[in-house]
Amino acid sequence: MKSYTIVRAPDDVPLGGTIADTPWDAAHEFRIDEFSWHESGPKPLTTGRALYDDRAIYLQYHVEDRDITAEVTDLNGPTYRDSSVEFFADPNPGDDSMYFNFEPNCCGQFKLAWQERDWEERGIGRDLVSPAVAERIDVETSVPGPTKESHPDDEEWWLAAAIPFDVLSELTGLEIGPSQGTEWRGNFYRSGVQSESQKATWNPIEKAEPDYHSPEFFGELRFE
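Residues numbered from 1 in each chain as written. Predicted model: local features only at pLDDT ≥ 70, side-chain atom pairs only at ≥ 80, totals over all residues. Heavy atoms only, no water.

**Considerations on the pattern of salt bridges**
Between side chains of opposite charge, a pair can form when the charged atoms approach closely.
Point 1. Scanning all chains against the criterion turns up 15 salt bridges.
Point 2. Across the pair glutamate 220 and arginine 222 runs a salt bridge whose closest N-O atoms are separated by 2.7 Å.
Point 3. By sharing partners, the salt bridges in this structure join Lys2, Glu29, Arg31, Asp33, Glu34 and Arg49 into a single network. (Salt bridge = Lys/Arg side-chain N within 4 Å of Asp/Glu carboxyl O.)

**Quick word on the pairing of strand S6 (residues 98-104)**
Point 1. The buried fraction of S6 amounts to seven of the seven residues, a majority that puts the element mostly inside the structure.
Point 2. Side chains Met98, Phe100, Phe102 and Pro104 of S6 all project onto a buried face; the interleaved residues Tyr99, Asn101 and Glu103 project onto the opposite face, where all are buried too.
Point 3. As defined by bridge partners, strand S5 (residues 84-90) adjoins S6 across three bridges and the pair is classed as antiparallel. Residue alanine 89 lies in a different strand from S6, and its bridge partner there is phenylalanine 100.
Point 4. Of the pairings in the sheet, the one linking S6 to strand S7 (residues 110-116) comprises seven bridges and is antiparallel in character. Bridge pairing in S7 links phenylalanine 100 to tryptophan 114. (Buried < 20%, exposed > 50% of the residue type's maximum accessible area, 1.4 Å probe, protein only. Helix = DSSP H or I, 4+ residues; strand = E, 2+ residues; numbered from the N terminus. Pairing = 2+ DSSP bridges.)

**Points about the environment of leucine 168**
Point 1. In this structure, leucine 168 sits in helix H3 (residues 165-172).
Point 2. Sequence separation between leucine 168 and threonine 18 is 150 residues, and the spatial gap between their C-alpha atoms is 26 Å.
Point 3. Excluding anything up to four places from it in sequence, leucine 168 contacts Phe100, Leu112, Ile163, Gly173, Ile176 and Trp184. (Contact = heavy atoms within 4.5 Å.)

**Concerning the packing of aromatic side chains**
Point 1. Counted by the stated rule, this structure contains 16 aromatic pairs.
Point 2. Ring geometry for phenylalanine 88 against tyrosine 99: centres 6.0 Å apart, planes inclined by 20°, an arrangement best described as stacked. Of this pair, phenylalanine 88 sits in strand S5 while tyrosine 99 sits in strand S6, and the two are 11 residues apart along the sequence.
Point 3. A residue is classified by how much of its surface remains accessible, and tyrosine 99, at 1% relative accessible area, is buried.
Point 4. The interplanar angle of 10° and the centroid separation of 4.1 Å between the aromatic rings of tyrosine 189 and tyrosine 212 together place this pair among those described as stacked. Here tyrosine 189 is found in strand S11 (residues 183-191), whereas its partner tyrosine 212 is found in the loop between strand S12 (200-201) and strand S13 (219-223), with 23 residues between them in sequence. Residues tyrosine 189 and tyrosine 212 agree in their burial class; the two are buried.
Point 5. Through successive ring pairs, a cluster of aromatic residues spans Tyr4, Phe30, Tyr52, Tyr61, Phe87, Phe100, Trp184, Phe188, Trp202 and Phe223. (Phe/Tyr/Trp six-rings, centres within 6.5 Å; stacked < 30°, edge-to-face > 60°.)

**Comments concerning the side chain of threonine 47**
Point 1. Topologically, threonine 47 is positioned in strand S3 (residues 46-52).
Point 2. On the basis of relative accessibility, which here comes to 12%, the residue threonine 47 falls in the buried class.
Point 3. The contacts of threonine 47, once residues within four sequence positions are left out, are Glu29, Phe30, Arg31, Gln60, Tyr61 and His62.

Here is the structure:
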């Protein structure tokens with residue numbers, strides 16, 4: 001199981017792609033480079049960073065992508081089909097099997113949901129963030145929206161997001177406000193690729209078929 005330390009931001013966090021001489025420089029890098037279902041072809045690299053303060057958790061991704069596409073423009077739509085990245089996390093490990101998933105596409109549209117392990121197979125549903133609450137989440141990307149068609153010059157894109165803890169509290173019904181020593185479980189993903197061989201994760205998922213909704217394969221997330 002991999003472990004990632006989320007550093008407290010030393011200053012206000014800008015939602016951009018620059019790392020040097022910004023608070024992002026203080027964050028540890030994670031690499032989405034576990035290609036558990038790779039059979040052939042390229043392995044495009046995605047890297048990222050995470051920070052936090054009293055208000056929010058901040059995410060930044062840099063994505064190698066030769067086919068940058070996005071069609072979803074609706075909140076909580078199937079953004080995983082677009083060029084996208086994902087963050088899944090269980091903020092209460094050991095006490096329940098609930099987790100949230102944040103799935104933004106390259107144009108900044110996203111899904112945010114809260115569900116229990118095996119929710120789909122068990123037919124128990126899940127809670128999706130409401131439009132009013134979603135407005136408090138900030139997402140910036142290098143790709144002008146609201147949609148994107150593939151272009152021969154496509155090479156890479158970045159995305160940065162701020163997810164306030166009070167948003168997560170409203171969605172989950174839990175008091176979420178991590179501090180030094182808090183531990184979550186989670187995973188970081190790359191989605192929207194043409195081939196399942198290119199689907200990638202931070203912590204490996206030991207399943208025969210791609211299944212990002214696999215909290216049993218979450219890694220450790222430690223707040224510093």
